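# What the coordinates show
Here is how the chains run, residue by residue.
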Amino acid sequence: MFNAPISQEKFEQVLDGADFQTRGKRPDGILKTAGLVQFLNIAEIKLHTTPLMKEAKYRDSRVWQPSSELIGAVSQCQQYVRTSVQKLEEVLQLKDKDGNRTGQEVFTFKPKCFLIVGNMGTEFFDESGQVQNPDKLACFEHF
């Protein structure tokens, strides 16, 4: 396991405030790395039906654009990272539900945000498992 919930009570946490209790942005999940040193990570989860790419090509016949929904979700993730860097201390002392320190520290230097969105299987592959449009898939992969 590479990540674990930062709190055993709730996967979703408020991002503003060092104790995750104050009002603010609410990503779908606040995580910590499960290594020797623990770092803050953020998860944003969208629907599996969210389109990944626009239906129409962009100018050149081999160029496809990410969907507006995907661009918006990426921007949302970037904002969560920005907010966490601005609002949180560099080192968080984790506390239990009663406010007691647990002895765990989580570093917040530059959190990663993981975006879970869409369905590559239905968007890029046909029923037999073959890639429908290699150019469209390549544009997504490069994005």
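Read on for a plain summary of the structure.

The rules behind these values
Residues numbered from 1 in each chain as written. Predicted model: local features only at pLDDT ≥ 70, side-chain atom pairs only at ≥ 80, totals over all residues. Heavy atoms only, no water. Helix = DSSP H or I, 4+ residues; strand = E, 2+ residues; numbered from the N terminus. Buried < 20%, exposed > 50% of the residue type's maximum accessible area, 1.4 Å probe, protein only. Contact = heavy atoms within 4.5 Å. Pairing = 2+ DSSP bridges. Patch = residues over 30% accessible without salt bridge, like charges linked within 9 Å, V, L, I, M, F, W, Y side chains within 5 Å. Areas by Shrake-Rupley, 256 points an atom, 1.4 Å probe, with all protein chains shown as cover. Salt bridge = Lys/Arg side-chain N within 4 Å of Asp/Glu carboxyl O. Polar contact = N/O pair within 3.5 Å; in protein donor to acceptor, adjacent residues only side chain to side chain. Expected span 1.5 Å × (residues − 1). Arc of directions from axis to C-beta.

## Describing the overall build of the chain
When helices and strands are counted, the chain shows three helices and seven strands. Tracing the chain from N to C terminus, the helices and strands come up as β-β-β-β-β-α-β-β-α-α. Considering the chain as a whole, with its 143 residues, one finds that 34% of them fall into the buried category. Taking contacts inside the chain between residues at least 6 apart in sequence as the whole, the part at least 24 apart equals 52%.

## Quick look at the pairing of strand β4 (residues 53-57)
Relative to strand β5 (residues 64-66), β4 is paired through two bridges, and the arrangement is antiparallel. Residue pairing for β5: Met53 is matched across the bridge by Pro66. In this structure, the hairpin formed by β4 and β5 is closed by a connection of six residues, where Arg59 is found at a positive phi of approximately 50°.

## What about a nonpolar patch on the surface?
Taken together, the side chains of Leu36, Val37, Phe39 and Phe109 define a hydrophobic patch exposed on the protein surface, amounting to about 440 Å² of accessible area. Structurally, the position occupied by Phe109 is in strand β7 (residues 101-116).

## Points about the pattern of salt bridges
Counting across every chain of the model gives two salt bridges. Between Glu44 and Lys46 there is a salt bridge, with the nearest N and O atoms lying 3.1 Å from each other. Relative accessible area serves as the criterion here: at 4%, Glu44 is assigned to the buried category. Taking the shortest distance from any N to any O, the salt bridge between Asp135 and Arg62 comes out at 3.0 Å. Highlighted residues: Asp135 in helix α3 (residues 134-142) and Arg62 in the loop between β4 and β5, separated in sequence by 73 residues.

## As for the side chain of Thr33
Its place among the elements puts Thr33 in strand β2 (residues 29-33). What makes Thr33 buried here is its relative accessible area of 17%. At 3.2 Å, the side chain of Thr33 forms a polar contact with the backbone oxygen of Val37. Within the structure, Thr33 has its side chain in polar contact with the backbone nitrogen of Phe39 (distance 2.8 Å).

## A few points about the pairing of strand β6 (residues 91-95)
Burial along β6 is one-sided: the residues Leu92 and Leu94 are buried and none of Val91, Gln93 and Lys95 is. Connecting β6 to the next strand, β7, in antiparallel fashion are five residues, including Gly99 with a positive phi near 90°.

## Here's the deal with helix α1 (residues 68-87)
The end-to-end C-alpha separation of α1 is 28 Å, in line with the 28 Å expected for 20 residues at 1.5 Å each. Considered for burial, the residues of α1 that qualify are Leu70, Ala73, Cys77, Tyr80, Val81, Thr83 and Ser84. When α1 is viewed along its axis, its buried side chains cluster within an angular range of 165° and face the same direction. Residues Ser68 and Gln78 are exposed on α1 and point more than 90 degrees away from its buried face.

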